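Next come the chains, spelled out residue by residue.
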Amino acid sequence: LSGWLHRNFDTRTVYVANRFPQHGHYIPQRFADNRIISSKYTIWNFVPKNLFEQFRRIANFYFLIIFLVQLMIDTPTSPVTSGLPLFFVITVTAIKQGYEDWLRHKADNEVNGAPVFVVRSGSLVQTRSKNIRVGDIVRVAKDETFPVDLVLLSSDRADGTCHITTASLDGETNLKTHYSVAETAECQSVTRLESLQAVVECQQPDADLYRFVGRMTVTQHGEEIVRPLGPENLLLRGARLKNTKEIFGVAIYTGMESKMALNYKCKSQKRSAVEKSMNTFLIIYLGILLFEAILSTILKYAWQAEEEWDEPFYNRKTEQERNSSPILKFISDFLAFLVLYNFIIPISLYVTVEMQKFLGSFFIGWDLDLYHEESDQKAQVNTSDLNEELGQVEYVFTDKTGTLTENEMHFRECSINGTKYREVNGKLVPEGMTDDAPDGSTPQLVTHIYTTDGVSSSVIPPCCHSLQIGDELLFLKAVSLCHTVQISYDQPDLVGGGDPFSHANGFSSSHMEYYASSPDEKALVEAAKRIGVAFLGTSGDTMEIKTFGKSERYKLLHVLEFDANRRRMSVILQTPSGGYVLFTKGAESAILPFATGGEIEKTRLHVDEFALKGLRTLVIACRHFSPEEYIEVDRHLNAARTALQQREERLQEAFGYIERDLQLLGATGVEDKLQDKVQETIEALRLAGIKVWVLTGDKHETAVSVSLSCGHFHRTMNILELLQQRSDNECAEQLRILARRIKEDHVIQHGLVVDGASLSLALREHEKLFMEVCKNCSAVLCCRMAPLQKAKVVRLLKTSPEKPITLAIGDGANDVSMIQEAHVGIGIMGKEGRQAVRNSDYAIARFKFLAKLLLVHGHFYYIRIATLVQYFFYKVKLGYDHKAFMNLKWCLYTTLMGNGQMFGNWTFGTLVFTVMVITVTLKLALETHFWTWMNHFVTWGSIAFYFIFSLFYGGIIWPFLHTQDMYFVFVQLLSSGSAWFAIIIIVITCLFPDVVKKVFYRHLLPTSTQKSQALSCVESLCCYQHGQSGCSRLARLLEQITGQCQASTNHCHSSSRSNRWGGRQRQETIFMKPDESSAPLGFKNVGLQS
């Protein structure tokens, strides 16, 4: 360690309590402050940074150039025609993005302003989180989160240990134990800490959550004591203190240098696929514009080649024009034509798109189906730029803990000596029996193994004595003793040499709380306590349980820790009678092959049944040792643990020697409670053609169990594994084997499980092979993932040749990097803080809301934006055609108006624009599928407003106008019968092909939506549950998720609910459209009718 620190100059030196050396040549290092920043702008850089990002858009940059050209040269149009719309677009976008970033600032200020306690000047001082400096000694109390990365100095425990949970960092809800250095563990008061002289030398900030290398030098009585520091000494920001009253730690990494912040991805501007395609079309139209301007300039000079047209009598040149440079004149003419033709690129499109996105985003917040009543939380939109992207998603990357699950484990069933039991009201009831069975028919366990809340008697009923020596009671004792559970008591702490188990006297469930390194262990110990065998705690090497009111103390001799190879853990105990027993638990594949006694086959069947129900299973067994056997076991363990070479291999041999010849006791089934309707949501996404990947920091076994229970993996699926790969060659060979297996099995669906270490190797040199395997799998599960690894997986899919649209969803700080990396990031408003919500594009309260967010809102947003963009380019083309039509005015000048006058220049132009306004408005009416009062008002009101405004504008002499060319023009036009005839004929001619096309397609090639409109009832999907056409499995599933579909419905009922804002919410009807090419990518088989 010392050599590493000396060789690596990129280290930091932290003086505890900022007690710097007194010699004059010391220069303190500069460290970051403790502010967390998730916002993108500041008050100083908002204007330049926002303008830079906005002018990166091709359209904005183009109109800026046009505006500058209009200012520099004499052009046919005023600079106001380009400058004013551009200013409006830039201003509206800046206000929208500034408001969204202000919300992020507000959330950051809540975190940075949180109160904390630090030791300064010999006392405990309250300050704000942002004021913590590197070297400060920070006090953290029970259930509080760590405000910085700390090296643990001391805790309220004599051994200086503490317990934490890191669910918001790596998704693991289990309890982890961290340690302090022995020399600082005794500093449990502010006075002792103030006198502490210590220096920490460690590596510079690193994003790896599981890596920390350093050393602490403590000066005591003039002597320097050096102790190594590792990950077990570091308390990470975002983790939560559990089962410990308080701790003191020294701040090592602060603010954006903390490991949690380093796992954030730099925030960048996300752009939707529609916007990128708009830019592509814009470049095409820009090319057309340049071609037109160049062609027009060339034709102008070709026309002026003859002297009579070079300087006609009505347009004499000035002396300056005659003497000007031909090149400059050519450029000037080219720019003039560029400005003249710039209508081909509609700036109004970008104004309308911005407004449509911003106003349309309110629909998500208003949707009552996305409102979570229990937590009073509605869906939240943090950015409206990606609305249509929701309807294009092809891959969903989801966290497990807190996103798919509720972070709650519940004991459900067990198998004891070949008999299945389930827990009912704190009692174990055999399968097929009920809790209230008649007297005499109830089995022994129901009668005597009952809840003992409030039991004060230590006398066991006589009828239970036979139970004590049976396998049933031994099974419950094994559950209560084979674990690493810690207990927190709400009663006052122990003082001096009091009885460490004094809490047990008259204990109740309200006085103790279990904390475990595994959530399964906690659920099992709590279940055993409810049934009557309660674990009371550990003191030194003594474990105490209370069996139906009677206390028993066991001496803990050895703990055989869990590891991924053995997939089991064991404890060796000395019983109160002096005997020796080993209790072991683990996966069925790790226990059953080593069992020689008990109901092995029955238990195996029960384990399979538990697994089919989605329960997490553990098998429990025991082995009794004679005194001679235990001496041999103890010798093997001590020799392996003290070996200097090949210690791990020797430990595995010793464990294998001990954990054999087991007596099988039974098995347990624990439910990892899923969020409501998770399985239906994943199935709906799968039917829509979306692939779901689960990325979690949890253990392999836990992750696979949850994937099976939530429907991500199916029982019939062939599960492939890429686990514990240690070299590039080994990883490549395993990937080739998996690829061959997939090719050989053409029918079976495949699921892939990969861990973080193997993923790192696969992404290093075998990306293409890894992606080939993944894309051929129906579902992928990545476990033991670091936060940045999650982002790397998302980036790998994003940058693949197919360029699929990705979505990431999570609830904790460990999910922020993948949320920021994906095209669309969604935060879950869960129990693990608000980091994911603050950094997401959208936030919802539950995973089940994802189905409607994508399949309904995403679909509608995409259809709206696609229709809007196509409609605007239709307007541009129509305007261009009318411009060309105006060139025929010389031929139409002979056309007489009603008063005998001929059409003039302004009259003819007004006629053309009147036709264009009516045509594009009626075209919009033709494309409307559902009419409301608002549609009628806007459609017919637009035409009426045009006529009223034109009459008003042309009927008054405006004093501020230089010319009055439009005076009385519109009135004269409308007074002409031939003008009305021309308007009607031209409008009908323009719209007739569209009407014919719609009639033809509706009758010969109708969509499913159009077919359904002929049915008498289209209000509810429930009408089609009995085999009628127009309904799909996906549609029914979606209505079940949102709670809109009744199980049995013979008639259609139209229902609408009053929303929270006093309005009415219309129910959407969803139908399958197998061949609708206009549906969004990834949803080509899904159509929705409003």
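Residues numbered from 1 in each chain as written. Predicted model: local features only at pLDDT ≥ 70, side-chain atom pairs only at ≥ 80, totals over all residues. Heavy atoms only, no water.

The name that an unreviewed UniProt entry assigns to the protein chain is Phospholipid-transporting ATPase, with the source organism given as Sparus aurata. Per UniProt, the protein chain carries the Function (unreviewed entry) text "Catalytic component of a P4-ATPase flippase complex which catalyzes the hydrolysis of ATP coupled to the transport of aminophospholipids, phosphatidylserines (PS) and phosphatidylethanolamines (PE), from the outer to the inner leaflet of intracellular membranes. May contribute to the maintenance of membrane lipid asymmetry in endosome compartment." (UniProt positions renumbered as here; feature names shortened; annotations may be inferred.)

Participant: Give me the pattern of salt bridges: which residues, what numbers.
Facilitator: Using the criterion set out here, one finds 40 salt bridges in the structure. In this structure, the salt-bridge partner of Arg 530 is Glu 423, at a minimum N-O distance of 2.7 Å. Taken as a pair, Arg 530 in helix α18 (residues 519-531) and Glu 423 in strand β17 (residues 419-424) lie far apart in primary sequence, 107 residues in all. Of the charged contacts, one joins Lys 585 and Glu 521 as a salt bridge, the two residues approaching to 3.3 Å between their closest N and O atoms. Residue Lys 585 is located in strand β25 (residues 580-586), and its partner Glu 521 is located in helix α18; the two are separated by 64 residues in the primary sequence. Per residue, the accessibility class of Lys 585 equals that of Glu 521, and both read buried. Each of Lys 923, Glu 927, Asp 994 and Lys 998 takes part in a single network of salt bridges with overlapping partners. (Salt bridge = Lys/Arg side-chain N within 4 Å of Asp/Glu carboxyl O. Helix = DSSP H or I, 4+ residues; strand = E, 2+ residues; numbered from the N terminus. Buried < 20%, exposed > 50% of the residue type's maximum accessible area, 1.4 Å probe, protein only.)

Participant: Residue-level account of the UniProt feature "binding site: Mg(2+)" (unreviewed entry) in the protein chain, with values.
Facilitator: Taking the numbering used here, the UniProt-annotated feature "binding site: Mg(2+)" (unreviewed entry) corresponds to Asp 399, Thr 401, Asp 811 and Asp 815. Judged by maximum C-alpha separation, these annotated positions cover 417 residues in sequence but sit close together in space, the widest gap being only 10.7 Å. Along the polypeptide, Thr 401 turns up in the loop between β15 (395-398) and β16 (405-416). Positionally, Asp 811 belongs in the loop between β33 (806-810) and α29 (816-821). With relative accessibility at 2%, the residue Asp 811 sits in the buried group.

Participant: I'd like to hear about the nonpolar core, residue by residue, with values.
Facilitator: If you look at the biggest cluster of nonpolar residues, it comprises 47 residues, and the most contacted ones within it are Phe 146, Leu 150, Val 200, Met 216 and Ile 247. Per-element accounting of this core gives the leading share, 6 residues, to strand β13 (residues 246-253). In contact with Leu 150, not counting residues within four places along its chain, are Val 138, Val 140, Asn 233, Leu 234, Leu 235, Ile 247, Gly 249, Val 250 and Ala 251. Residues Ile 682, Ala 703, Leu 854 and Tyr 861 belong to the second largest nonpolar core, which totals 44 residues. (Core = buried A, V, L, I, M, F, W, Y, C linked by side-chain atoms within 4.5 Å. Contact = heavy atoms within 4.5 Å.)

Participant: I'd like a description of the pairing of strand β31 (residues 750-755), backed by residues and values.
Facilitator: Judged by how many residues are buried, β31 sits mostly within the fold: 6 of 6 residues are covered. One ladder, built from 5 bridges, connects β31 with strand β32 (residues 779-783); its direction is parallel. Each residue of the ladder has a partner; that of Leu 752, found in β32, is Val 780. (Pairing = 2+ DSSP bridges.)

Participant: So, the side chain of Arg 12: which residues are in play, and what are the values?
Facilitator: Along the chain, Arg 12 turns up in strand β1 (residues 11-15). A polar side-chain atom of Arg 12 sits 2.7 Å from the main-chain carbonyl oxygen of Ile 252. Separated by 2.8 Å, the side chains of Arg 12 and Glu 257 make a polar contact. The residues touching Arg 12, leaving out its near neighbours within four places in the chain, are Gln 29, Phe 31, Val 134, Val 200, Glu 201, Cys 202, Gln 203, Gln 204, Pro 205, Ile 252, Tyr 253 and Glu 257. (Polar contact = N/O pair within 3.5 Å; in protein donor to acceptor, adjacent residues only side chain to side chain.)

Participant: Now, about the sheet that holds β1: what can you tell me, with residues and values included?
Facilitator: Read across the sheet, 4 strands follow the order β1-β8-β9-β10 without closing on themselves; strand pairing throughout is antiparallel. A single partner strand is all that each edge strand has here, and the edge strands are β1 and β10 (223-229). Strand-to-strand twist in this sheet, taken as the mean axis angle between neighbours without regard to direction, amounts to 20°. As paired elements, β1 and strand β8 (residues 198-203) share 5 bridges and run antiparallel to each other. From the neighbouring strand, Thr 13 faces β8, where its bridge partner is Glu 201. (Axes fitted to C-alpha atoms, helices over the stretch in contact; angles between N-to-C directions.)

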